[in-house]
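# Overview (structure and organization)
Each chain, letter by letter, is given below.
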Amino acid sequence: MQPSVATDRPSSPVGARRFAGAALRLLTAVAAFMAVAAVVAPWLFSPAALMDAVGDQLQGSSGLYVAARGRTSFSLLPRPSIAVEGVAFADRNGAVVIESRELRGEVDVLPLLAGRLKVAAVKLIRPHARIDFDKKPEGAPGAAARAAAAKPATLEAAVADSVRFGAVSVIDGDAQITWRGGVYTLERINANFEWRRIGEAAALTGAFNFNGERLEALLWVARPGALLRGEESVVTSRLDGRAFQFEAQGIGQLGANARFSGRVAAAAASTRRALALFGVAAPLPGPFNDTQFAAQATLTRGDARFKGARLFVDGNEFKGDLNFQTEDGRPTLTAALHSEFLSLRPFLVDAPPLVAASGKWSRQPFKFPDLSGADIDLRLSVGHARLGRLKVEDAAIAVTLRDGAAEFAITQAQAYRGMLKFRASATPGPEGVTLRANAQTTAVDAGPLLWDAFGKPMLAGALTATLTVDGVGDRMAALMQSLNGRASVALVDGEVSGVDLEKALRRLKTRPLTSAFDIRSGRSTLDAASATIKMENGVAEIAEGVARGPGFSLAFDGSARLPDRSVAIRAVARETDSAGKTADSAPSIAFDIAGRWDELSLGLDAQAFIRRSDAAAPLLPRPDPDRPPEAPPAQ
């Protein structure tokens, strides 16, 4: 009996074919690996050769010189890749310097089989970059530079656009950027730059810290090669953070005719904070919170035009056109906007207080921002505008700023059934702020106006007035003490509250003591009243004061001390007949109005009323014939 003999041959034809196929694949893989190993042997066993190959490719792509100070390695598994420690990129002029702790690259397999090292994607681990836009880079032209140098629509441009570029990722990097003398630092940069071919779309996405704010950025360019040559390309950009959001989409162009045309939008919880991130301390009037902005923009060198803009800020909405221009480094803003409803209160929230808690003019020094860095020319049409309870309608408002001097004007407005015009300018100087103002009202309803302004219905009627004042001071108290100017007031078809002149004069003959009480109650109807006022060094002299109404005429004069917020008026009321004429023997009442503006009191000559009473006159002391008359009180 013969012993059994072991055999490895498959027991069937199918098994034999499978075995042969597996063996063939194994041999093919081993052969391919040996072939690849033979091709890459110089890079596997010679770090210097590997660095030369990597450096040549990266320099050809970026135009920057490449050097490594650490270990360089090449790996075939699990896929071909390289690693370089302590790698640096730079140009001769030092405009761009990038130092990375480590560079990792993915290598394309097909070029590798042909004996060429092609790095498809690069990762920079903890790089530190210094980029100076104020310097001109010097070095070998990279792929982007060659595409930019090619003439549009030529074979040279087509060849440049066909060059493969790649992808770059930045892991935990930082950058120091110099631009127009300013230095900006970006920290904790994590970004991906996808640009596989020069003529194909390029996209940059990433996030970084800037002045304590974490920002996410996106930039997409449809035709980057064409854009570099000064041709047009669709461009999309976005920058998001907690403080603000910005996005733009449109047609961009670089070169001598650099411009952007498209839609832009921005939003900020606080515009002041958003601008402060970029070192801009704009002297904005008011909080400028909850800001939203959208417009069709055209941006060129030194000029930015926004058409069909919509601006929401501090609860107000504006529509219109804006234009920013820069000439000789000086920015200028011109705008024509419309607002259906405008609240002026937010824009005055930072204004210095006018009156202190004591009720006197504030002695707090004015603290105006430096307005000399920009010029503004704003034209605003408003359907309805309010400042507290004061309101105007159909107003045309102009705000201008020139060399630090500000001017605010309501060139025309409807107010309280009449018309209003107002203009004021403020110019900072060594002695404080120089103020010039003028106002004009035509047939304004004085009753609602004074009620909204002071909360007291003191006067009613159609008020026509003019006012011109000027003064200088570093605080409100000093400014009021320096005021000079002129004013005229005229009132028709009105009334005065708190005094009944017609009733008091009518009862003066028959019931003189009662008339003293009658004058302090009710109201007096005015057919017309007028006065002129001259101000000098904070003292307003009231002259030519006259008024007439049913059954009386009134003459008054006096003064108002603006620094003290006080007034002293002397008045004489006389009885008139039905024709409005005053007889020589007509009864008259003299009285004073004096005190602080918000605490005025009516003063009467009580003895004059008592002397007219037959019953009370004997109670008055008889004058002493030997006693000299008292001197009149000093004025």
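Nothing here was measured: the structure is a model prediction, and the numbers come from that model.

## Overview of the packing of aromatic side chains
For the coordinates displayed, the defined rule picks out eight aromatic pairs. A ring pair is formed by Tyr 184 and Phe 210, whose centres lie 6.4 Å apart and whose planes are at 35 degrees; its orientation type is tilted. Placement of Tyr 184 in strand 7 (residues 182-197) and of Phe 210 in strand 8 (residues 202-210) is noted, with a sequence separation of 26 residues between them. On the basis of relative accessibility, which here comes to 29%, the residue Tyr 184 falls in the partly exposed class. For the ring pair Trp 361 and Trp 597, a centre distance of 6.1 Å and an interplane angle of 80 degrees mean the geometry is edge-to-face. One end of the pair, Trp 361, is in the loop between strand 16 (330-343) and strand 17 (375-387); the other, Trp 597, is in the loop between strand 28 (588-596) and strand 29 (601-604), and 236 residues separate them in sequence.

## Here's the deal with the side chain of Ser 425
Summarising the element assignment, Ser 425 is placed in strand 20 (residues 418-429). Here Ser 425 falls in the buried class, since its relative accessible area comes to 18%.

## Description of the environment of Leu 387
In this fold, Leu 387 is placed in strand 17. The exposure class of Leu 387 is partly exposed, given its relative accessible area of 34%. Separated by 44 residues in sequence, Leu 387 and Ser 343 have C-alpha atoms that sit 6.2 Å apart. Not counting chain neighbours up to four residues away, the residues in contact with Leu 387 comprise Leu 344, Arg 345 and Leu 348.

## With respect to unusual backbone geometry
The phi dihedral of Ala 153 falls on the positive side, at around 60 degrees, and the residue is not glycine. With respect to the helices and strands, the residue Ala 153 is situated in the loop between helix 4 (143-149) and helix 5 (155-161). With relative accessibility at 81%, the residue Ala 153 sits in the exposed group. Unusually for a residue other than glycine, Arg 565 sits at a positive phi of about 55 degrees. In this fold, Arg 565 is placed in the loop between strand 26 (552-561) and strand 27 (566-575).

## Comments concerning the nonpolar core
Of all hydrophobic cores here, the largest spans 38 residues; its most connected members are Leu 501, Ile 519, Leu 554, Phe 556 and Phe 591. Dropping the residues within four chain positions of it, Phe 556 is found in contact with Ser 530, Ala 531, Ile 542, Glu 544, Gly 545, Val 546, Ile 569, Arg 570 and Ala 571.

## Quick word on the confidence of the model for the chain
Scored by pLDDT, the chain has a mean of 82; 83% of the residues are at 70 or more. Every residue in residues 1-10 is under pLDDT 50, and counting partners more than four places away or in other chains gives two contacts. Taken together, the stretch residues 38-46 has pLDDT below 50 and engages in 19 contacts with residues farther than four places along the chain or on a different chain.

Rules used throughout
- Residues numbered from 1 in each chain as written.
- Predicted model: local features only at pLDDT ≥ 70, side-chain atom pairs only at ≥ 80, totals over all residues.
- Heavy atoms only, no water.
- Phe/Tyr/Trp six-rings, centres within 6.5 Å; stacked < 30°, edge-to-face > 60°.
- Helix = DSSP H or I, 4+ residues; strand = E, 2+ residues; numbered from the N terminus.
- Buried < 20%, exposed > 50% of the residue type's maximum accessible area, 1.4 Å probe, protein only.
- Contact = heavy atoms within 4.5 Å.
- Core = buried A, V, L, I, M, F, W, Y, C linked by side-chain atoms within 4.5 Å.
- pLDDT = per-residue confidence, 0-100.

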